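Below are the chains, spelled out letter by letter.
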Amino acid sequence: MSTVRIQPADGFDFRTDAIAPDKSISHRSAMFATLAEGETVITNFLRGEDTMNTLQIVRNLGAQVEDDGETIRIRSEGIKESEEILDCGNSGTGMRLFCGLLASAEGHFVLTGDQYLKRRPMKRVTGPLRDIGAKLDGRRDGDLAPLSIRGAHLKAFDYTSRIASAQVKSAMILAALSADGVCTYTEPELSRDHTERMLRGMGAGISVEGLTTTITPMTGLLKPLTIRVPADPSSAFFFAVAAAITPGACAVLEGVTFNPTRIEAFKALERMGAEITYDLKEDLYEPMGTITVKQAPLKAITVEENISWLIDELPALSIAMACAEGTSTVKNAEELRVKESDRIATVVTNLRLCGIDVEEHDDGYAVTGGTLEPASVDSFGDHRIAMSFIIAGLRCGMEVSDTECINTSFPNFFELLGQFARIES
Ligand code: S3P
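Residues numbered from 1 in each chain as written. Predicted model: local features only at pLDDT ≥ 70, side-chain atom pairs only at ≥ 80, totals over all residues. Heavy atoms only, no water.

1. Focus on the overall build of the chain
Threshold: Helix and strand definitions follow DSSP, with helices as H or I runs of at least four residues and strands as E runs of at least two, each counted in order from the N terminus. What the globule rule says is 2.2 Å times the number of residues to the power 0.38, and the radius of gyration is computed from C-alpha atoms. Residues are treated as being in contact if the distance between any of their heavy atoms lies within 4.5 Å. Accessible surface is estimated by sampling points in the Shrake-Rupley manner with a 1.4 Å probe; for residues, cover comes only from the protein chains shown. Positive charge is attributed to Lys and Arg, negative charge to Asp and Glu, and no charge count is given to His or to the chain ends. Think of each charge as sitting on NZ of Lys, CZ of Arg, CG of Asp or CD of Glu.
The number of helices and strands found in the chain is 13 helices and 24 strands. The C-alpha radius of gyration of the chain comes to 21 Å, within 12% of the 22 Å expected for a compact globule of 425 residues. Expressed as lengths along the three principal axes of its C-alpha atoms, the size of the chain is roughly 60 × 40 × 40 Å. Nonlocal contacts in the chain, meaning residues at least 24 apart in sequence, comprise 71% of its contacts between residues at least 6 apart. Split by element, the accessible area of the chain, about 15,800 Å² in all, is 45% carbon and sulfur. Taken as two groups, the 42 positive and 61 negative side-chain charges of the chain have centres that lie 2 Å from each other.

2. Quick notes on helix α8 (residues 233–245)
An α-helical segment advances 3.6 residues per turn. Residues three or four places apart therefore align on the same side. Spelled out, the test is: What a helix should span is 1.5 Å times the count of its residues minus one. Burial classification: accessible surface area is computed with a 1.4 Å probe over protein chains only, and a residue below 20% of its type maximum counts as buried, one above 50% as exposed, and the rest as partly exposed. In protein, a polar contact means a hydrogen-donor-capable atom and an acceptor-capable atom, both N or O and within 3.5 Å, with residues adjacent in sequence counting only if both atoms are side-chain atoms; elsewhere, any N or O pair within 3.5 Å suffices.
With 13 residues, α8 ought to run about 18 Å at 1.5 Å a step, and its terminal C-alpha atoms sit 18 Å apart, in line with that. For α8, the buried fraction is high: 13 of the 13 residues fall into the buried class. The N-terminus of α8 is capped by aspartate 232, whose side-chain oxygen sits 2.8 Å from the backbone nitrogen of serine 234.

3. Regarding the nonpolar core
Going by this rule: By convention a nonpolar core is built from buried Ala, Val, Leu, Ile, Met, Phe, Trp, Tyr and Cys residues, the set being connected through side-chain atoms within 4.5 Å.
Phe239, Leu269, Leu314, Leu351, Tyr365, Leu372 and Phe413 are the most contacted members of the largest nonpolar core, which totals 83 residues. At 10 residues, the largest contribution of residues to this core is made by α8.

4. Side note on the sheet that holds strand β7 (residues 108–112)
To keep things clear, this is the line we draw: The rule for pairing is simple: two strands pair if DSSP sees at least two bridges between them.
Here we have four strands laid out as an open sheet, ordered β6-β7-β9-β8, and mixed in their pairing. Of all the strands in the sheet, just β6 (86–87) and β8 (135–138) have a single pairing partner and so form its edges. Here β7 pairs with strand β9 (residues 144–150) via four bridges, running antiparallel. The residue of β9 that forms the bridge with histidine 108 is arginine 150.

5. A short note on the site of the ligand
Put simply, the rule is: When at least one non-hydrogen atom of a residue lies within 4 Å of a molecule or strand, that residue is treated as near it. All amino acids are sorted into three groups, where Ala, Val, Leu, Ile, Met, Phe, Trp, Tyr, Cys and Pro are nonpolar, Asp, Glu, Lys and Arg are charged, and the leftover types, Gly among them, are polar. Here the bounds of each domain stem from an automatic or database domain assignment.
Neighbouring the ligand are Ser24, Arg28, Thr93, Ser165, Ala166, Gln167, Arg192, Ile311, Asp312 and Lys339. Lysine 339 places a side-chain nitrogen or oxygen 2.6 Å from an oxygen atom of the ligand. Coverage of the ligand by the protein chains reaches 95% of its 380 Å² of free accessible surface. Classifying every residue of the shell around the ligand by side-chain character gives two nonpolar, four polar and four charged. Residue-level mapping places the shell around the ligand at the junction of two domains, with at least three residues from each of domain 1 (3–21 + 230–424) and domain 2 (23–218).

6. Digging into the sheet that holds strand β22 (residues 376–378)
Where we set the bar: Orientation is described by axes fitted as lines to C-alpha atoms, over the contacting stretch for helices, and by angles from 0 to 180 degrees between their N-to-C directions.
Pairing is mixed in the open sheet, where four strands are placed in the order β22-β23-β1-β24. Looking along the sheet, the strands with just one partner apiece sit at the ends: β22 and β24 (423–424). Of the strand pairs in this sheet, β22 and strand β23 (residues 398–401) are connected by three bridges, and their pairing is parallel. When the bridges of β23 are listed, valine 377 appears paired with valine 400. Each of β1 (4–6), β22 and β23 is contacted by helix α12 (residues 383–396), which is oriented at about 165° to β23, the strand it contacts most.

7. Observations concerning the packing of helix α11 (residues 343–353) against α12
Counted only if it meets this: Each angle receives one of four descriptions, namely roughly parallel if under 35 degrees, roughly antiparallel if over 145, roughly perpendicular if within 65 to 115, and oblique otherwise. The crossing is said to be left-handed when, going from far helix to near helix, the turn is anticlockwise and less than a right angle, and right-handed when the turn is clockwise.
Where α11 meets α12, the closest approach of the two axes is 11 Å, and the angle between their N-to-C directions is 25°. As summarised for this structure, α11 and α12 are arranged roughly parallel, according to the angle between their axes. As α11 packs across α12, the resulting crossing turns out to be right-handed. Across the interface between the two elements, Arg343, Thr346, Val347, Asn350 and Leu351 from α11 touch His383, Arg384, Ile385 and Phe389 from α12.

8. Points about the environment of lysine 23
Mapping lysine 23 onto the fold places it in helix α1 (residues 23–32). Considered as a pair, lysine 23 and glutamate 304 are 281 residues apart in the sequence and their alpha carbons are 25 Å apart. Excluding its chain neighbours within four sequence positions, the residues that come into contact with lysine 23 are Leu46, Asp50, Thr51, Asp232, Glu340, His383, Arg384, Thr408 and Ser409.

9. As for the domain arrangement of the chain
As a reminder of what qualifies: Buried area, as used here, totals the accessible surface that two parts lose on assembly, with accessibility defined by a 1.4 Å probe and the loss added over both. Put simply, a salt bridge is a Lys or Arg side-chain nitrogen that is within 4 Å of an Asp or Glu carboxyl oxygen.
The assigned domain composition of the chain is domain 1 (3–21 + 230–424) and domain 2 (23–218). Here the C-alpha centre of domain 2 lies 28 Å away from the C-alpha centre of domain 1. Counting residues at the interface gives 30 residues for domain 1 and 26 residues for domain 2. Overall, the association of domain 1 and domain 2 removes approximately 2,400 Å² of surface from exposure, summing both partners, and the carbon and sulfur fraction of that is 47%. Here domain 1 is connected to domain 2 by three salt bridges. Measuring nitrogen to oxygen at the nearest pair gives 3.9 Å for the salt bridge that ties arginine 120 to glutamate 340. Counting across the domain 1 and domain 2 interface gives 16 residue pairs in polar contact (both at pLDDT 80 or more). Counting residues per element, the ones that place at least two in the side of domain 1 that touches domain 2 are β17 (286–294) and α12.

10. Quick word on the pairing of strand β11 (residues 183–186)
Every regular strand shows the same layout, with side chains that alternate between the two sheet faces. What counts, and what does not: Viewed with both strands pointing away, a crossover whose connecting path from the first strand over the helix to the second turns clockwise is right-handed.
Across three bridges, the pairing between strand β10 (residues 158–160) and β11 is parallel. Across the sheet, the residue bridging to tyrosine 159 is tyrosine 185, located in β11. Following the chain from β10 across helix α6 (residues 166–176) to the adjacent parallel β11, one finds a crossover that is right-handed. As paired strands, β11 and strand β13 (residues 212–216) are joined by four bridges and run antiparallel to one another. Its bridge partner lying in β13, threonine 186 is registered against threonine 212.

Given below as structure tokens:
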């Protein structure tokens, strides 16, 4: 359980092209290789625990993986039954997407995870997958891992989801690729769309109209991807908040994806008053470029729309809210309760320890900006809570315990932060 202390920082000029590669895209690039004929070539793959677990599972499913530390090359001849238990570690994305991918694969598979993942709800994927014929089970009638899957014949479906979740959408799209007819999936609000972009790039029959995705089953294997993973906007956002709350600071974050379903938190920070510019550099599968963030006085905002576009950034945004003038409110964000921790409870608990006035609501919270005070807080095993409160420490000094979880998504976080902040462990 490593505890980290961070000292208050003065204005800094920080520029980096080394923000951790995107977690969502890294998971998918490795998984989708099992649907391709020929060699998938991935550069800038996220070497965090979550995505390395996914890569190991892809190996366990029979793929040949060559990794020279720079480039990952994957060749698969279709998914093979594994004699190993497939360990997704801390990753909800890993577990939920593998449910969709394995639902029709020949054989029997067991998915498990760490103590946190084993508490997270899986019925949102096992339920609709069972409805189309998948043979999935787990504790609490298929809601909790370990999960067992026996590949089965899947029926075509028209499914309307009540939650805007890219994980559920992706699991169902993966299942649809081997269903017995054309399928549609409709979501209440657009969630991140990497699965659709990448599978279309591989030649899959996927079209999107409004909130409905139509999937035509594969008739053979798909074309392999050659992909350079862009930097993760969710990881970049910690440095955006660091710049926004530190007088005289500026952060230049290069190579970040500008996918509109991923940069809503930057837009929210802009609404709060931070100066942010976007410089588009290229557009292959995903638009990407440089985001520059400069400190300016922050004012309170309400966040209630397109919540799935900034769900992962809400803990870090709550730190900016704590430094803003007035009361900021987050609504319609009940999904926060089922992330790596109950992020409504963990944000509220930790902000209160820092002397900030926060009201807890079922679907979010209200944060009244004030003066952050040094505190000793816990990460609750949640990487985004750990990094958010380390960033808060740039204002006031902070001690954060149980920080190993940061390795799940941002292994070089401390190396980058150490370029302008004093950190001790
Ligand atoms: C992810 C989707 C989101 C997000 C998670 C990654 C993905 O979860 O919170 O960190 O890669 O599809 P939901 O789709 O469940 O909202």
